[in-house]
Protein chains: 4
Amino acid sequence: MRKKEGNKEEDILKAAIEVFAQAGFYDAKISKIAELANVSIGSIYVYYQNKDDIIYKIFDKLWGSLYHNLEALVNRSDLSMVEKYDAMIDMIFDTFTENSSTAIVIAHEQQRLLLRNKESFTPYYDKFIDLGERIVREGVKKKIFNPNIDTNIFRHFLLGAFRDLINSWATSPEEFQLNSVRRNIKFLSKYGILIHNQ
Amino acid sequence: MRKKEGNKEEDILKAAIEVFAQAGFYDAKISKIAELANVSIGSIYVYYQNKDDIIYKIFDKLWGSLYHNLEALVNRSDLSMVEKYDAMIDMIFDTFTENSSTAIVIAHEQQRLLLRNKESFTPYYDKFIDLGERIVREGVKKKIFNPNIDTNIFRHFLLGAFRDLINSWATSPEEFQLNSVRRNIKFLSKYGILIHNQ
Amino acid sequence: MRKKEGNKEEDILKAAIEVFAQAGFYDAKISKIAELANVSIGSIYVYYQNKDDIIYKIFDKLWGSLYHNLEALVNRSDLSMVEKYDAMIDMIFDTFTENSSTAIVIAHEQQRLLLRNKESFTPYYDKFIDLGERIVREGVKKKIFNPNIDTNIFRHFLLGAFRDLINSWATSPEEFQLNSVRRNIKFLSKYGILIHNQ
Amino acid sequence: MRKKEGNKEEDILKAAIEVFAQAGFYDAKISKIAELANVSIGSIYVYYQNKDDIIYKIFDKLWGSLYHNLEALVNRSDLSMVEKYDAMIDMIFDTFTENSSTAIVIAHEQQRLLLRNKESFTPYYDKFIDLGERIVREGVKKKIFNPNIDTNIFRHFLLGAFRDLINSWATSPEEFQLNSVRRNIKFLSKYGILIHNQ
DNA sequence: AATGAATGAGTATTCATTCAT
DNA sequence: GATGAATGAATACTCATTCAT
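A short tour of the structure in this document, coming up. (Residues numbered from 1 in each chain as written. Chains lettered and ligands numbered in written order. Predicted model: local features only at pLDDT ≥ 70, side-chain atom pairs only at ≥ 80, totals over all residues. Heavy atoms only, no water.)

**With respect to the relation of the copies chain C and chain D**
Note the cut-off: The fit set for superposing copies consists of C-alpha atoms from residues with pLDDT of at least 70 in both; the fit itself is least squares. The contact definition used throughout considers only heavy atoms, calling two residues in contact when any of these lie within 4.5 Å.
Its rotation angle being 180 degrees, the transformation that places chain C on chain D also includes 0.0 Å of axial translation and leaves an RMSD of 0.1 Å. With respect to symmetry, the two chain copies, as superposed, fit the operation of a two-fold axis. Taken together, the interface assignments show that 98% of the residues at the interface of chain C recur at the interface of chain D, consistent with an identical surface on both copies.

**Brief notes about the interface of chain A and chain B**
Applied cut-off: Buried area is a sum: the accessible area each of two parts loses on coming together, probed at 1.4 Å, counted once for each and added. By definition here, a salt bridge exists when the distance from a side-chain nitrogen of Lys or Arg to a carboxyl oxygen of Asp or Glu is within 4 Å. In this text, helices come from DSSP runs of H or I with a minimum length of four residues, and strands from runs of E with a minimum of two, each type numbered from the N-terminal end.
On the chain B side, the residues contacting the 54 residues of chain A number 53 residues. Summing the contributions of chain A and of chain B, the shared interface buries around 5,100 Å²; its carbon and sulfur component is 63%. Summed over the three residues of chain A that lose the most area to chain B, namely A:Phe157, A:Ile193 and A:Leu194, the buried surface amounts to 15% of that side. The interface formed by chain A and chain B contains two salt bridges. Measuring nitrogen to oxygen at the nearest pair gives 3.6 Å for the salt bridge that ties A:Arg163 to B:Asp164. Elements supplying a minimum of two residues to the side of chain A that touches chain B: helix 1 (8–23), helix 6 (100–116), helix 8 (151–171) and helix 9 (178–191) of chain A.

**Remarks on the arrangement of the chains**
Contact between chain B and chain C is absent, and the least distance between their C-alpha atoms amounts to 13 Å. Chain A makes no contact with chain D; the smallest distance between any of their C-alpha atoms is 13 Å.

**Focus: the relation of the copies chain A and chain B**
When chain A is fitted to chain B, the residual RMSD is 0.1 Å, and the transformation amounts to a turn of 180 degrees plus an axial shift of 0.1 Å. When the interface residues of chain A are mapped onto chain B, 98% of them again fall at the interface, so both copies present the same face.

**Examining the pattern of salt bridges**
Opposite charge on two side chains permits pairing when their charged atoms draw close. Which entries qualify depends on this criterion: The cut-offs for exposure are 20% and 50% of the maximum accessible area for each residue type, with area from a 1.4 Å probe on protein chains only; residues under the lower value are buried, those over the upper are exposed, and the others partly exposed.
By the definition in use, this model includes 52 salt bridges over all chains. Of the charged contacts, one joins A:Glu133 and A:Arg155 as a salt bridge, the two residues approaching to 3.6 Å between their closest N and O atoms. Of this pair, A:Glu133 sits in helix 7 (residues 123–141) while A:Arg155 is found in helix 8, placing the two residues 22 residues apart along the sequence. The pair formed by A:Glu133 and A:Arg155 is uniform in burial state, with each residue classed as buried. With its nearest N and O atoms 2.9 Å apart, the salt bridge here joins D:Asp78 to D:Arg76. Within the structure, one salt-bridge network assembled from shared partners comprises A:Asp90, A:Asp94, A:Arg182 and A:Lys186.

**So, the interface of chain C and chain D**
Across the contact, 54 residues belong to chain C and 54 residues belong to chain D. Summing the contributions of chain C and of chain D, the shared interface buries around 5,100 Å²; its carbon and sulfur component is 63%. Summed over the three residues of chain C that lose the most area to chain D, namely C:Phe157, C:Ile193 and C:Leu194, the buried surface amounts to 15% of that side. Remark: the boundary between chain C and chain D carries two salt bridges.

Nothing here speaks to function; it is all geometry.
In structure tokens form, the structure reads like this:
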């Protein structure tokens, strides 16, 4: 029991995600995280420098995962542009949706963290954004995506929509059919709300 | 001279918006708000019950304003459906954009507040949503808007996109042309990213 | 009671001296100081920045007092050199002896504080030392004090002896006759332990 | 190979002296001592009961050494009284001076330790004091030392002066010529600051 | 004997809120 | 209404010590 059992670090992270999602970062108590992780308070500080470090690692893990998945996608040549775009939406959707508590934490805390110390946020976020923009630019070059759309604005548009929807689902899962949300995001981001000839 | 007392209440609210935008709700100090409002700490508690009440009033004022403006719009019969939709976007855009600090506060704190005590959030928010959905349903009935789109999902999609973009602009105004953001929101929400016959 | 009664700051300092003397700086609890001062924990932080600031003020007050008293003495021309020296010893003796708890705090904590942040120690200490050395140099010039003695070494010699003796008295007052200590310090520092013609 | 185990105990003590001198007892971290001694944290508790025990052993070793050296001196009949006194000063001086970090630890921590648990301090200290007082009384009996001097006060006077000077030298060795310090201590304690016929 | 991950008691400090003036 | 000194509950974090291996 004195020996690292190989999952304490992960147990703490999982517990922290639940507590952060439930109470918000500021009202989350370290003692509560320790209790939920079935670990002593001191052990938390063996694996994480402080409270901020815990949330940093949550974001790092999520955006790291998103980045690596997108990287695998961006180089595929077996997909048409639209298929690639849909696959990207699916991938983001699946990642966010895998753990609803993580989704809530992201939706609630990311903006504040980015505001506070942009430079100390996980580098995977910027790398992910870059890759996403590359896909959009590729679509524009292939004359599939509208060249009049500002790429930077589009990614905020899309991620903002995503964030709100995933958070809404995570908060009230009974109110949203996940498949419907997925389908609507894909459709709206590609065709918009108006009826027109596709 | 006694009539000017209304000032204090408003001064406090303005100061609070700045401090909340700059530091985030939790790191915002009441003493800092008092200092910025040029008012004693005690005076804040004459006009507001507590810290939560201050942020409540910020949201109440903003969503009240959005609601009243949308109400004026929803009943206009001189506008086509698309014109009405564009006017709605413009109105939301202008309201959010009027004060960038307010935009930041909304973007950062609303989700958390909604999560914590949904029932004690400003009623204007739900009323605004209802009105917005009415416009969308009207568009669907008039066969202008796509009937396959889930109205509830659409409003999260749109407001989420809005929130992220306005916050991005408010945080780094040098990075975004406000008119471009406005145009892109209108276009993307109506036509999406794909090139097609409109 | 909400109004500053003019002595809270001093009550805290007095209480702190007692608690520091009794338990040592590190084992002294802020809560204990608050209790002894009959003041809330929060009030301590109204008057002092932190625990270090409290002890700083204790030293500042004591050395400030010593400095001002020595300043008054150094310029007196109505005293012979030996009388002036004896008066200096008496003054230091009286100041240290006035409050035995202060004496203990000085004896126990000064070295450590000086070591840690020499520059942030009370400036009165250096000013006092300078003045003391001036008296010694004056004595040398007047051929009363031995010119072969290193002034810097002498002041460490004298103050070190003082510190130990005052601390010993403060710790076990029953073991030491204060007048005897005073007389012996004067004598030893002037004539030493050997018998010789004075 | 099993014989070398004595090293560890000593390595720890040496490391502890450095860390205590540098950081002070309370800010000294056991983990730092372990690191400097090139030993695991657990090993420290194999050789020492706890942190207090480590510092106890430091004092025990030093005062033990001083006691044994003084014992060898006190019985010598080949020395005049003044020679014996000078030899005593030299011996104390050499012992303190041998390791400047030890000198700093003594100067900073001894008073506090004595205050806290007089009875649990190393017995060598009291035995050393007794021996020292015996020398002084011997000097008085031989009409070499002044009989009006209180022996107890004198030893505090002398050791206090010693402590301050050795500490000052250990802290700022560039400021003090060790030989000059030694000579001044001898002279001042025997003849004082005044000029007179010796 | 040696290790170092695990422990959890212990405390300085913060700051929203109060209320005597 | 206005003030701001006073309050004290509440909590992140430290680190000496332990003990299973």
